[in-house]
Amino acid sequence: MSVTVAVSPRAAALVEAAAPRIAALARHPVWASLRDRTSLVRFMESHVYCVWDFMSLLKALQGLTTGVGVPWRPVGDATVRRLVNEIVLAEESDRLPDGRVAAHFELYLAAMDDAGASAAVVRRFLDALPVAGAAGGHAAAVRRAAAAAGVPAAAADFMASTFAVIDRGRPWEIAAAFGIGREQAIPDMFAASLAAVGREARCGLFAEYLERHVELDGDEHGPMMLELIDALCGADETRWAEAQAVALAALEARARLWDALESPG
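Residues numbered from 1 in each chain as written. Predicted model: local features only at pLDDT ≥ 70, side-chain atom pairs only at ≥ 80, totals over all residues. Heavy atoms only, no water.

A. Inspection of the overall build of the protein at higher detail. Within the protein, the secondary structure is distributed over eleven helices and two strands. When the helices and strands of the protein are placed in sequence order, the string is α-α-α-β-β-α-α-α-α-α-α-α-α. A globule of 265 residues ought to have a C-alpha radius of gyration of about 18 Å, and the protein, at 18 Å, matches this closely. In terms of overall dimensions, the protein has C-alpha extents of about 50 × 40 × 40 Å along its principal axes. Once local pairs closer than 6 in sequence are excluded, the contacts in the protein between residues at least 24 apart make up 77%. Total accessible area computed for the protein in this model is approximately 11700 Å², and 55% of it derives from carbon and sulfur atoms. Positive and negative charge centroids in the protein, built from 25 and 34 side chains respectively, lie 4 Å apart. (Helix = DSSP H or I, 4+ residues; strand = E, 2+ residues; numbered from the N terminus. Rg over C-alpha atoms; globule rule 2.2 N^0.38 Å. Contact = heavy atoms within 4.5 Å. Areas by Shrake-Rupley, 256 points an atom, 1.4 Å probe, with all protein chains shown as cover. Lys, Arg positive; Asp, Glu negative; His and termini not counted. Charge placed at Lys NZ, Arg CZ, Asp CG, Glu CD.)

B. Focus on the packing of aromatic side chains. Applying the stated rule across the entire model yields ten aromatic pairs. An angle of 90° between the planes, with centres 5.0 Å apart, marks the rings of Trp52 and Phe125 as edge-to-face. Linking Trp52 in helix α2 (residues 37-65) with Phe125 in helix α5 (residues 120-128), this pair joins segments that are 73 residues apart in sequence. Both residues of the pair, Trp52 and Phe125, count as buried. (Phe/Tyr/Trp six-rings, centres within 6.5 Å; stacked < 30°, edge-to-face > 60°. Buried < 20%, exposed > 50% of the residue type's maximum accessible area, 1.4 Å probe, protein only.)

C. Structural context of the nonpolar core. Counting 95 residues, the largest nonpolar core has Phe43, Met44, Tyr108, Phe125, Val151, Phe206 and Trp258 as its most contacted members. The element that contributes the greatest number of residues to this core is α2, accounting for 15 residues. Ignoring sequence-local partners within four residues, the contact set of Phe206 consists of Leu40, Phe43, Met44, Tyr108 and Ala111. (Core = buried A, V, L, I, M, F, W, Y, C linked by side-chain atoms within 4.5 Å.)

D. Geometry of the pattern of salt bridges. One pass over the structure, following the stated rule, counts 14 salt bridges. Among the ionic pairs, Arg100 bridges to Asp98, the shortest N-O distance being 2.6 Å. For Arg100, a relative accessible area of 34% corresponds to the partly exposed category. A salt bridge links Arg170 to Glu242, with the shortest nitrogen-to-oxygen separation between them at 3.6 Å. With Arg170 in the loop between α7 (153-168) and α8 (171-184) and Glu242 in helix α11 (residues 237-262), this residue pair connects regions lying 72 residues apart in the sequence. (Salt bridge = Lys/Arg side-chain N within 4 Å of Asp/Glu carboxyl O.)

E. View of the side chain of Ser39. With respect to the helices, strands and loops of the structure, Ser39 is situated in helix α2. Once you skip the residues sitting within four places of it in the chain, Ser39 turns out to touch Ser33 and Leu34.

F. Looking closely at unusual backbone geometry. Here the bond from Val70 into Pro71 is cis, since omega is 0°, no more than 30 degrees from zero. Structurally, the position occupied by Pro71 is in the loop between α2 and α3 (78-92).

G. Structural view of α3. For α3, built from 15 residues, the straight-helix expectation of 21 Å at 1.5 Å per residue is met to within 8% by its first-to-last C-alpha distance of 21 Å. Buried within α3 we find Val80, Leu83, Val84, Ile87, Val88, Ala90 and Glu91. Residues of α3 that are buried in the fold lie against α2, β1 (94-95), α4 (104-115), α8 and α10 (204-233). N-cap assignment for α3: the residue whose side-chain oxygen lies 2.9 Å from the backbone N of Thr79 is Asp77. (Expected span 1.5 Å × (residues − 1). Polar contact = N/O pair within 3.5 Å; in protein donor to acceptor, adjacent residues only side chain to side chain.)

H. Spotlight on the environment of Val7. Secondary-structure assignment places Val7 in the segment before α1 (9-26). Here Val7 falls in the partly exposed class, since its relative accessible area comes to 41%. If sequence neighbours within four positions are ignored, Val7 has contacts with Ala12 and Leu226.

I. Representation of the environment of Ala241 in the model. Along the chain, Ala241 turns up in helix α11. By relative accessible area, which is 48% here, Ala241 ends up partly exposed. The spacing of Ala241 and Glu173 is 68 residues in sequence and 9.6 Å in space, taken between C-alpha atoms.

J. Looking closely at the side chain of Gln184. Structurally, Gln184 is set in helix α8. Within polar-contact distance, the side chain of Gln184 engages the backbone oxygen of Gly222 at 3.3 Å.

Printed below as a string of structure tokens:
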């Protein structure tokens, strides 16, 4: 299902500002480096943390813009709630083409098993996270859990940049990191990876994960997030400036991660 959204001039300008960095991510040499199963496994064992913190951004946005507490009360704008909850539904419990229902993170873990990648470190990382709340903020807790589990340094840095945005608690910034830094960037990146990954590296479930996001993010979630950012920023010039700064920083953080994975040191 394709979603048609009338993009406001401000949202269009935000996409235009991000376009060169999005294009650079799609052209990044990390994709050409995935020539065999060994290189794919190494990539997946770091990229899995992007898949996890993608959901953390989305759930942070849901917590700030919808009624998730008990006793329940309506929160904010109903259109914003609808957009956020529709995206959460697909990302946390997607109905896949074969009829299965799974979170995309769960699909990625299955793809890791299919490719022969180890999910042991990411599972240790999840076990090391606090159940609720975190002294010193979420970013500090994620750093501690990553160090305890042995998460690759570049992936830990990427997550720290994400959780610094979450800790500020500004819905328009979180929406920009998610909507521009992820949903606008992912279709081109993943289409490039599908085209570039060598035959010896191909893994059926990994390709399924990529194809699902090219379709879902490009046709539905990307346009929906532009509408959401527009609603959260409104006519507030400061919010638009903050959203753009966060969006560009999120894309730059992804580029640094790809640099590290393409050129291991």
